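In case you want the letters, here they are:
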Amino acid sequence: MRKTQENEVPHRERTRRVMIGDVAVGAGAPVSIQSMTLSSPVDVAGSIDEIQRLAEAGVDIVRTAVPNEEAAARLPELVKNSPVPLVADIHFNYRLAIAAAEAGVAKLRLNPGNIGKAERVRAVVDAARERGLPIRVGVNAGSLERDLLAKYGHPTAEAMVESARRHVRLLEDEGFEDIVISLKSSRVPLMIGAYRLAAQEFLYPLHLGVTEAGTPRTGNIISAVGIGTLLAEGIGDTLRVSLSADPVEEVHAARTILESLDLRRESVRIVACPGCGRLQVDLIRLAEEVEARTRDIRKPLTVAVMGCAVNGPGEAREADIGIAGGRGEGLLYVRGAMVKKVPENKIVDALIELIDEVEVDPKRSVRGGDQITWTPDWDESVAQTS
Ligand code: SF4
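Residues numbered from 1 in each chain as written. Predicted model: local features only at pLDDT ≥ 70, side-chain atom pairs only at ≥ 80, totals over all residues. Heavy atoms only, no water.

**Remarks on the packing of helix 8 (residues 188-201) against helix 9 (residues 216-232)**
Here is the rule: Between the N-to-C directions of two axes lies an angle of 0 to 180 degrees, each axis being a line fitted to C-alpha atoms and, for a helix, fitted only over the stretch in contact. In this description a helix means any DSSP run of H or I spanning at least four residues, a strand means any run of E spanning at least two, and both kinds are numbered starting from the N terminus. When describing relative orientation, an angle under 35 degrees is termed roughly parallel and one over 145 degrees roughly antiparallel, while 65 to 115 degrees is termed roughly perpendicular and anything else oblique. Working rule for handedness: look at the near helix, and if it is turned counterclockwise from the far one by less than a right angle, call the crossing left-handed; if clockwise, right-handed. Only heavy atoms enter the contact rule, under which two residues are in contact if any of them lie within 4.5 Å. Here the term charged refers only to Asp, Glu, Lys and Arg, the term nonpolar to Ala, Val, Leu, Ile, Met, Phe, Trp, Tyr, Cys and Pro, and the term polar to all other amino acids, Gly among them.
As a packed pair, helix 8 and helix 9 sit with axes 10 Å apart at the nearest point and diverge in direction by 20°. Regarding the angle of helix 8 to helix 9, the classification is roughly parallel. Handedness of the crossing formed by helix 8 with helix 9: right-handed. Along its contact with helix 8, which presents Val-188, Met-191, Ile-192, Tyr-195 and Arg-196, the element helix 9 presents Ile-222, Val-225, Gly-226, Ile-227, Thr-229 and Leu-230. Of the residues belonging to the contact of helix 8 with helix 9, the class tally is eight nonpolar, two polar and one charged.

Spelled out as structure tokens, the structure:
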């Protein structure tokens, strides 16, 4: 399955559609968010708790490592209790892949070139095909085949794509095309180059990621640069941000990347001014509090947090709801029109109340606010009429 000519349609709209449980990936489906449990499937309760927290944060698909038979044996229970489709991550052992497929996982992540003889590949493919499971071929720059390292001298985009091609061919030789490909590296220029090259060659969905990106402080930025660059070019059907942190942080980062490119719109986006000498409120604290208290709200709203009433209203006009700081007070705006004035220590409570009250048309445009409806219904103990 090869792309043979350039055209203007973004790669992600031309890829093959695969289904990971009930989540569509490829062919223009919304870019999905993945993460991976830190818990082993052996710890069923711990894994379920983790998957539940990931689902609440907005994950679409969760992967779990299946390192041995004990882990594989617990998969049916995990699948049964998981609120999102589960992917089994297998290395080398084809029997574990078959056991995972039989346990009801929604996708396998394994490299067929690493499981040995053709009969083993065929057995895994048969198990996947029978149940409609896609297989992700995952190339990692850090574990390229020796002969490719000898041929290219070091990990290059070409070497990574050649490695992917080998694994893909083993599946294609079995007539299997429900394939997803990833080409991860901890080096952003390398992963960008590899995915660009892969997008020229394959029409399989691409799973994006910067591997081993580090702690959230740097990892979020590194991931956003790598993943965001590709997404902006129309490359990438699903993604995982890999952080040395609670995986919930990966989901928040992934959501922010997608929302920053208008590829997803389901939560509150904060627009906050950087502050300057006109500040009359504690803007940094205010912005952080607004972000923390709106993080889990599922409403596609843009909220502007402005430090003063001089430029605030103008800047907030593009947002659905705006706050502008005044001397010891805050002004609240809906679609650019001031609707309330509240004491500074009540600003965030009033904002949350307002967010609760506005109704949003899910089909609304990404920015604007002309699709939200709001009927004033204020708790006078929180808000004072201006
Ligand atoms: Fe300065 Fe006001 Fe603009 Fe914020 S909104 S940067 S405080 S002028």
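Right, picking up where we left off after that structure.
**Focus on the packing of helix 7 (residues 157-172) against helix 8**
Helix 8 packs onto helix 7 with a crossing angle of 50° between their chain directions and a minimal axis gap of 8 Å. What the angle tells us is that helix 7 and helix 8 run oblique. In the packing of helix 7 onto helix 8, the handedness of the crossing is right-handed. Contact residues: helix 7 offers Ala-157, Glu-158, Met-160, Val-161 and Arg-165, while helix 8 offers Leu-190, Gly-193, Ala-194, Leu-197, Ala-198 and Glu-201. Residue composition of the contact of helix 7 with helix 8, by class: seven nonpolar, one polar and three charged.

**Quick word on the side chain of Glu-174**
The line we're drawing: The definition of a polar contact used here is a pair of N or O atoms within 3.5 Å, where within protein one atom must be able to donate a hydrogen and the other to accept one, and adjacent residues in sequence count solely through side-chain atom pairs.
Relative to the assigned elements, Glu-174 resides in the loop between helix 7 and strand 8 (179-184). There is a polar contact of 2.9 Å between the side chain of Glu-174 and the side chain of Arg-122. The residues touching Glu-174, leaving out its near neighbours within four places in the chain, are Ala-118, Val-121, Arg-122, Val-125 and Arg-129.

**Looking at the nonpolar core**
Nonpolar side chains tend to gather and get buried jointly when the protein is soluble and globular. Counted only if it meets this: Here, nonpolar core refers to any group of buried Ala, Val, Leu, Ile, Met, Phe, Trp, Tyr and Cys residues whose side-chain atoms link them within 4.5 Å. Categorising residues by exposure relies on relative accessible area from a 1.4 Å probe, with only protein chains included: less than 20% of the type maximum marks a residue as buried, more than 50% marks it as exposed, and the intermediate range marks it as partly exposed.
Leu-108, Val-124, Ile-181, Leu-183 and Leu-239 are the most contacted members of the largest nonpolar core, which totals 78 residues. For this core, the element with the highest residue contribution is helix 8, accounting for eight residues. Core analysis: the next-biggest nonpolar cluster, separate from the first, contains 30 residues, Val-281, Val-290, Ala-319 and Val-358 among them.

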